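# Overview (structure and organization)
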Amino acid sequence: ARQQQQYQTTERLIWFVKKVNQNGGRAIKITHTLPDALAAVDQLQAHIPRPLLWKGSHKCHVKTYQYITCTSEGVWDLYMHDLYFLAIADDPWSMQDLSDGAQITTMRRERLYADHPWRQQWNLTNRCRENFVTVMTEAISRGKLQHDGRRALEIHSADWFLDEDGRMYMIECNGIPVLYDAMQNQPLLTRGLRLYDGLYKQNPETAVVDDHKMLKDAVWLAVRGSLPAKTLWVHLATIPSPAAKSS
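Attention in this report is confined to the structure presented alongside it. (Residues numbered from 1 in each chain as written. Predicted model: local features only at pLDDT ≥ 70, side-chain atom pairs only at ≥ 80, totals over all residues. Heavy atoms only, no water.)

## A look at the overall build of the chain
Which entries qualify depends on this criterion: Counting from the N terminus, the helices are DSSP H or I runs at least four residues long and the strands are E runs at least two residues long. This radius of gyration counts C-alpha atoms alone. The globule rule is 2.2 Å times how many residues there are, raised to the power 0.38. Two residues form a contact once any of their heavy atoms are found within 4.5 Å. Every accessible area reported is derived by Shrake-Rupley at a probe size of 1.4 Å, with residue values counting cover from the shown protein chains alone. For this count, His and the chain ends are skipped, Lys and Arg are scored as positive, and Asp and Glu as negative. Charged side chains are reduced to one point each, which is NZ for Lys, CZ for Arg, CG for Asp and CD for Glu.
Helix and strand counts for the chain stand at 7 helices and 11 strands. For the chain, whose C-alpha radius of gyration is 19 Å, the value lies close to the compact-globule estimate of 18 Å for 247 residues. Over its C-alpha atoms, taken along the principal directions, the chain stretches across nearly 55 × 50 × 35 Å. Considering only contacts within the chain whose residues lie at least 6 apart along the sequence, 66% involve residues at least 24 apart. Split by element, the accessible area of the chain, about 13300 Å² in all, is 51% carbon and sulfur. Side chains of the chain carry 29 positive and 27 negative charges; the gap between the two charge centres is 2 Å.

## Observations regarding the packing of aromatic side chains
What counts, and what does not: Aromatic contacts are taken between Phe, Tyr and Trp rings whose centres are within 6.5 Å, Trp giving its six-membered ring; a plane angle under 30 degrees counts as stacked, one over 60 as edge-to-face, and the others as tilted. For every residue, the accessible area obtained with a 1.4 Å probe (protein chains only) is divided by the maximum for its type, and the residue is called buried under 20%, exposed over 50%, and partly exposed between those limits. Think of it as a cone above the ring: NZ of Lys or CZ of Arg counts as a charge over the ring if it is within 6 Å of the ring centre and within 35 degrees of the ring normal.
This structure, assessed with the given rule, holds 5 aromatic pairs. Geometrically, the ring pair formed by tryptophan 54 and tryptophan 118 is edge-to-face, given 5.9 Å between the ring centres and 75° between the ring planes. Of this pair, tryptophan 54 sits in strand β4 (residues 53-54) while tryptophan 118 sits in helix α3 (residues 117-121), and the two are 64 residues apart along the sequence. Residue classification places tryptophan 54 among the buried residues on the basis of a relative accessible area of 13%. Taking 6.0 Å as the distance between ring centres and 65° as the angle between the ring planes, the aromatic pair formed by tyrosine 67 and tryptophan 233 counts as edge-to-face. Taken together, the positions of tyrosine 67 in strand β5 (residues 58-70) and tryptophan 233 in strand β11 (residues 233-240) put the pair 166 residues apart, joining distant regions of the chain. Taken as a pair, tyrosine 67 and tryptophan 233 share a single burial class, namely buried. An aromatic cluster is present here, built from Tyr67, Tyr79 and Trp233 joined pairwise through their rings. A cation sits over an aromatic face here: arginine 119 above tyrosine 84, 3.6 Å from the ring centre.

## What about the sheet that holds strand β1 (residues 15-19)?
Strand-to-strand pairing in sheets goes through backbone hydrogen bonds, with the strands running parallel or antiparallel. Stated formally: When DSSP locates at least two bridges between a pair of strands, those strands are taken to pair. Angular values range over 0 to 180 degrees, each being the angle between N-to-C directions of two axes fitted as lines to C-alpha atoms, with helices fitted over their stretch in contact.
One open sheet accounts for 3 strands, arranged β2-β1-β3; its pairing is antiparallel. Strands at the two margins of the open sheet, each flanked by one partner only, are β2 (28-31) and β3 (42-46). For this sheet, the mean inter-axis angle between neighbouring strands, taken without regard to orientation, is 20°. Two strands pair when backbone bridges link them, and β1 and β2 are joined in this way by 4 bridges, in the antiparallel orientation. Bridged to phenylalanine 16 within β2 is isoleucine 30.

## Looking at the environment of lysine 201
With respect to the helices and strands, lysine 201 occurs in helix α5 (residues 191-202). For lysine 201, a relative accessible area of 64% corresponds to the exposed category.

## Here's the deal with helix α6 (residues 212-224)
Note that an α-helix has 3.6 residues per turn; residues three or four places apart therefore point the same way. This is how it is decided: Any helix carries an expected span of 1.5 Å times its number of residues minus one. Throughout, the arc means the angular range of directions from the helix axis out to the C-beta atoms.
In this model, α6 (13 residues) spans 18 Å end to end at C-alpha, consistent with the 18 Å of a helix rising 1.5 Å per residue. Every buried residue of α6 is listed here: Met214, Asp217, Ala218, Leu221 and Ala222. Taken end-on, α6 shows its buried residues confined to a sector of 140°, consistent with a single buried face. Those residues of α6 that are exposed and aimed more than 90 degrees away from the buried face are Lys216, Val219, Val223 and Arg224. Elements that come into contact with the buried residues of α6 comprise β5, β6 (75-81), β9 (152-162) and β11. Residue glycine 225 follows α6 closely and has a positive phi angle near 80°.

By themselves, these figures tell us nothing about what the structure is for.
Here's what the structure looks like:
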């Protein structure tokens with residue numbers, strides 16, 4: 001990080017200091033100055049140069065949802081939900097504006113179905129799927145993703161960032177994603193949940209976010225071991241852990 005800052009002026013470099021145990025855009029410090037020290041729960045991330053802006057003005061990232069399951073023998077199955085989202089900042093972006101409104105992209109504001117022009121233009125379907133399988137395969141083979149001998153499952157989200165040349169970066173995977181189920185009376189603990197709930201109650205037909213069907217199908221898969229007939233969950237890969245390969 002020090003070396004990276006050495007070759008760029010502080011006015012042209014943005015650093016994010018994130019709390020790894022919080023989500024929804026909470027506890028993020030945005031600065032032009034590289035911190036001298038980090039707490040144990042802090043994660044340092046440099047801003048991607050020349051971000052691809054939504055409609056030429058607003059910072060954004062692609063959000064996908066994954067379902068990961070592991071058998072008691074250590075065989076992993078990876079699924080990705082085929083409804084992607086575009087999370088878009090509140091305000092127009094600039095390198096000099098360090099406000100949350102310009103820099104934080106947590107709110108899902110655009111649905112990216114498979115036929116969405118933006119999703120097709122940047123070949124997001126193939127790239128997100130292939131890159132996710134690559135990351136997970138590497139994590140499993142290196143023992144970074146482990147099981148404890150019991151059947152396990154998890155739903156998490158992945159954030160994908162594009163620059164002006166179309167290069168894709170995985171910013172992070174969220175093990176505790178913000179999910180909104182309009183059929184459940186869930187606590188509205190984050191700004192995003194309150195926004196999604198308000199938009200859904202205002203007009204369920206135009207609301208961008210309602211994760212009920214995604215969650216319902218995931219529960220079906222968890223209980224029955226197979227996907228329902230009509231679902232947007234797509235099986236991507238089966239990956240045995242090193243222990244399962246050797247047994």
